Number of protein chains: 2
Amino acid sequence: MIKIALDVMGGDNCPDSNIDGALLALEKSSDIHMVLCGPEELIKEKLGAKSKVSMDRISIIDASEVITTNEHPVSAIQKKKDSSIVKGIMAVKNNEASAFISAGSSGAVLAGGQLKLGRVKLVQRTPLATIIPTKKGVSLLLDCGANVDARPEWICQFARMGSLYMEKVMGIKNPVVKLVNLGLEDEKGNAFIKSVKPMIEALPNINYQGYIESREIPYGAADVIVTDAWTGNAMLKLYEGTGSVLISTIKSTLMSGFITKIGALLIMPKLKKELKRFDASEYGGAPLLGLKGLIVKCHGNAKAKEICNAILQCESFVNAGINEVLTEYLEEDAKAIDEAMKLFGNA
Amino acid sequence: MIKIALDVMGGDNCPDSNIDGALLALEKSSDIHMVLCGPEELIKEKLGAKSKVSMDRISIIDASEVITTNEHPVSAIQKKKDSSIVKGIMAVKNNEASAFISAGSSGAVLAGGQLKLGRVKLVQRTPLATIIPTKKGVSLLLDCGANVDARPEWICQFARMGSLYMEKVMGIKNPVVKLVNLGLEDEKGNAFIKSVKPMIEALPNINYQGYIESREIPYGAADVIVTDAWTGNAMLKLYEGTGSVLISTIKSTLMSGFITKIGALLIMPKLKKELKRFDASEYGGAPLLGLKGLIVKCHGNAKAKEICNAILQCESFVNAGINEVLTEYLEEDAKAIDEAMKLFGNA
């Protein structure tokens, strides 16, 4: 049985979205046990209102406090020891759960993971990795905001962690890894990219295929898109913003008159299905990789379905045993980078 | 009469798109004179095939060579002295034209402008500024790719040049200027942003309103969005890619069956009008600011309408006399930054 902790008080639609998501996941997989973190009374009341809920695979960790998105993340984590986020993360630390999911404050979830859980041996920084929808399917973009002012070695570790995630959790064989740059030519890039290039090219047993221009990202030109947190965060937010503006423009145009409303009736079933592929909530949350245990951040507006998908994603992650093999990979990578840099230095 | 040079051989649709664009602009404005750069024979032949073309406001600079997008920009500029790009830029340098427009190799146009034309006094770097469509109208994003590895002072100059451009060329009164960051809180940002912050806040007589998250860009949350060329280029290309993937998904869905085709007929007139607002070609090209003279880069796939709009944009720029007032602004800005940094240093 894989134990997964869930922040019942996280997100705009809490607590119902979280409780419903947990129940949905319990239905879909018989191998998970949910650890619900939040006010015990409230959780019991909500569960009691549902019919046919068995408590066999549910336990509750009572947490009276809630960290809001307005609070300073680090100080909130330090002060609110009885919050659902801190208690959930501590459950992972104390081996009472293998993973923790929250749709609450991104900053607090990131800071809590980084402060409270140790890193897997040899991991230098823990990137936030986001599954983004593309024309072809999905890609993993990392780092999306956990570590600004990155070092070249971190980027190489992100490439490795991203590749393992897409292969073992998302089931993509030999995932294509690319590095964000201004152009595809060798001489393109800022000083940082030029220092990453010889290192990432040295990684053994990874399907690294060079640079990607951001224009190609929505087309699904890579399975794993690796970049620093500054660039990743700016791109992720722009991607979300652009999609939402375009879709809302289309919707309001369709509803703007009688003729277009009739047209909308005719096209909506198919169009909805197509646009749904661009809806990130279909694919669960954003994992913070490289920690001892797994932390997944869902969108603030996550509904039950996204929470459920994030729970199933955690199950796959734990089953794949990624953290168990990661150190060995990173050791080999570091050796290969060292050798390449010696050659590079002599060249 | 404002003389504007045009690269007849630039872009995927050359030479027709360029010649048609020039003729369209001559029709729309009686105050411009076009200087067409390219093979004289070809240009004469193309103009001869049109009816009613008067040569009164057209001159030709014969250029036998063409720089392709596959060539290394700097070496192409140095070697191909008889190319339409080099000859057009030299026309600006020699005061035979006030501005030069090309839909050809971005790299060559940028490098040519930076190598051949001097900078306006006190300008440290010349940013590439792109007009991007938003839900509200248009914004100016700069730097979009001219100067990687920026210094904080450059960003402040970009803010000033962008603000002047939006006010004097695009007619937006007191344009709102914002700086791209990961979040809106004061403590957010990487080391670079933290060094820009006190400087940009010190600029006098500018409507600087703090940070912008990239998510807000498509909503039109600022008139001038200032960032370093690395981030600007990654965001611009992602913006273009996302828009084009979403719009192509919608179009192919609409054409995918009989019922949806009927629906499409009903909604298309209105939808096309709405989506057109997100079509960058409506707004002309991307100016390279801060040069002695003006260089404007159009999209490689620019059609006559975009070329025409870029020409009219150049006319407004020259009429507004931006380059004549820029040095004075930059001098005041530098003083204000110096004073602020003294205070900042003592704090």
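Shown above is the structure to which this text applies.
Residues numbered from 1 in each chain as written. Chains lettered and ligands numbered in written order. Predicted model: local features only at pLDDT ≥ 70, side-chain atom pairs only at ≥ 80, totals over all residues. Heavy atoms only, no water.

Residue and element names in this part refer to chain A. A cluster of nonpolar side chains, Phe258, Ile259 and Ile262, forms an exposed patch at the surface whose accessible area comes to about 320 Å². Tracing the backbone shows Ile262 in helix 9 (residues 258–276). Overall, Ile262 belongs to the partly exposed group, its relative accessible area being 35%. (Patch = residues over 30% accessible without salt bridge, like charges linked within 9 Å, V, L, I, M, F, W, Y side chains within 5 Å. Areas by Shrake-Rupley, 256 points an atom, 1.4 Å probe, with all protein chains shown as cover. Salt bridge = Lys/Arg side-chain N within 4 Å of Asp/Glu carboxyl O. Helix = DSSP H or I, 4+ residues; strand = E, 2+ residues; numbered from the N terminus. Buried < 20%, exposed > 50% of the residue type's maximum accessible area, 1.4 Å probe, protein only.)

Moving on, we get to the sheet that holds strand 1 (residues 2–7) of chain B. Residues and elements named next belong to chain B. What the 6 strands build is an open sheet, ordered 3-2-1-4-11-10; its pairing is mixed. Looking at strand neighbours, the two that pair on one side only are strand 3 (58–62) and strand 10 (286–288), the edges of this open sheet. Across the sheet, the axes of successive neighbouring strands diverge by a mean angle of 25°, strand direction being ignored. Bridge count between strand 4 (residues 99–102) and strand 11 (residues 294–297): 4 bridges; the pairing is parallel. Paired with Ala99 across the bridge in strand 11 is Leu294. Its contacts with the sheet place helix 4 (residues 84–93) against strand 1, strand 2 (32–38), strand 3, strand 4 and strand 11, and it is angled at close to 160° to strand 4. Strand contacts of helix 5 (residues 106–116): strand 4, strand 10 and strand 11, with the helix running at about 170° to strand 11, the strand carrying the most contacts. (Pairing = 2+ DSSP bridges. Axes fitted to C-alpha atoms, helices over the stretch in contact; angles between N-to-C directions. Contact = heavy atoms within 4.5 Å.)

Across the contact, 54 residues belong to chain B and 54 residues belong to chain A. Considering only the side of chain B, the residues that lose the most area to chain A are Leu182, Trp230 and Leu238 of chain B, jointly responsible for 16% of the buried surface there. The partner of Glu213 of chain A in a salt bridge is Lys237 of chain B, with the nearest N and O atoms 2.4 Å apart. Of all the secondary structure elements, the ones that give two or more residues to the side of chain B that touches chain A are helix 7 (191–202), helix 8 (229–254) and helix 9 (258–276) of chain B. (Buried area = accessible area lost by both parts, 1.4 Å probe.)

Bringing the pairing of strand 4 of chain B into the picture now. Residues and elements named next belong to chain B. With burial as the criterion, each face of strand 4 is covered, one bearing Ala99 and Ile101 and the other bearing Phe100 and Ser102. By the bridge criterion, 3 bridges tie strand 1 to strand 4 in an arrangement that is parallel. Within strand 4, the position partnered with Ala5 by the bridge is Phe100.

Turning next to the relation of the copies chain B and chain A. Turning chain B through 180° and shifting it by 0.0 Å along the axis lays it on chain A, with an RMSD of 0.1 Å. Both chain copies can therefore be described as sitting about a two-fold axis. No C-alpha of chain B lies nearer the rotation axis than that of Gly263 of chain B, which sits 1.9 Å from it. By residue overlap, the copies meet face to face through one surface: 100% of the interface positions of chain B are interface positions in chain A. (Least-squares fit on C-alpha atoms with pLDDT ≥ 70 in both.)

Quick look at the nonpolar core now. Counting residues in hydrophobic clusters, the biggest one holds 67 residues, and the most contacted among them are Met34, Leu36, Ile101, Leu179, Ile200 and Ile311 of chain A. At 9 residues, helix 6 (residues 152–168) of chain A tops the list of elements feeding residues into this core. When residues no more than four places from it in sequence are discounted, the contact partners of Ile311 of chain A are Ile4, Gly21, Ala22, Ala25, Ile32, Met34 and Ile101 of chain A. Within the second largest apolar cluster, 66 residues are counted, among which are Ile19, Val120, Leu179 and Val196 of chain B. (Core = buried A, V, L, I, M, F, W, Y, C linked by side-chain atoms within 4.5 Å.)

Next up on the list: the environment of Met170 of chain A. Residues and elements named next belong to chain A. Position of Met170 among the secondary structure elements: in the loop between helix 6 and strand 7 (176–180). A C-alpha to C-alpha distance of 27 Å links Met170 and Cys37, two positions 133 residues apart in sequence. Beyond its immediate sequence surroundings of up to four residues, Met170 is in contact with Ile131, Val138 and Tyr165.

We now examine the side chain of Ser139 of chain A. All names here are of chain A. Within the secondary structure, Ser139 is located in strand 6 (residues 138–142). Classification of Ser139 by relative accessible area gives buried; the value is 1%. In this structure the side chain of Ser139 is engaged in a polar contact, spanning 2.7 Å, whose partner is the backbone oxygen of Ala222. Not counting residues within four places of it along the chain, the set of residues in contact with Ser139 comprises Thr130, Ile131, Ile132, Thr134, Met166, Gly220, Ala222, Asp223 and Ile225. (Polar contact = N/O pair within 3.5 Å; in protein donor to acceptor, adjacent residues only side chain to side chain.)

All names here are of chain A. The 5 strands are arranged 5-6-9-7-8 in an open sheet whose pairing can be described as mixed. Two strands in the sheet have a free side with no partner beyond their single neighbour: strand 5 (129–133) and strand 8 (207–212). With strand direction ignored, the average angle separating the axes of adjacent strands in the sheet is 25°. With 3 bridges joining them, strand 6 and strand 9 (residues 224–226) adopt parallel strand pairing. Bridge pairing in strand 9 links Leu142 to Val226. Where helix 6 meets the sheet, its contacts fall on strand 5, strand 6, strand 7 and strand 9, and the angle it forms with strand 6 comes to roughly 155°.

Residues and elements named next belong to chain B. Between its first and last C-alpha, helix 9 extends 25 Å over 19 residues, near the 27 Å set by a 1.5 Å rise per residue. Ile267 marks where helix 9 bends most, by close to 55°; the proline Pro269 follows one to four residues later. What helix 9 keeps buried is the set Thr260, Gly263, Ala264, Ile267, Leu271 and Leu275. (Expected span 1.5 Å × (residues − 1). Bend = angle between axes of the 7 residues up to and from the residue.)

Looking now at the packing of helix 6 of chain A against helix 7 (residues 191–202) of chain A. All names here are of chain A. Taken N-terminus to C-terminus, the directions of helix 6 and helix 7 make an angle of 50°; their axes are 9 Å apart at the nearest point. As far as their axial angle goes, helix 7 and helix 6 are oblique. For helix 6 against helix 7, the interelement crossing comes out right-handed. Residues Pro152, Glu153, Ile155, Cys156 and Ala159 of helix 6 lie in contact with helix 7, whose contacting residues are Phe192, Ser195, Val196, Met199 and Ile200. Counted by class, the contact of helix 6 with helix 7 contains 8 nonpolar, 1 polar and 1 charged residues. (Parallel < 35°, antiparallel > 145°, perpendicular 65-115°, else oblique. Left-handed = near helix turned anticlockwise from the far one by under 90°. Nonpolar A, V, L, I, M, F, W, Y, C, P; charged D, E, K, R; others polar.)

Nothing here speaks to function; it is geometry throughout.
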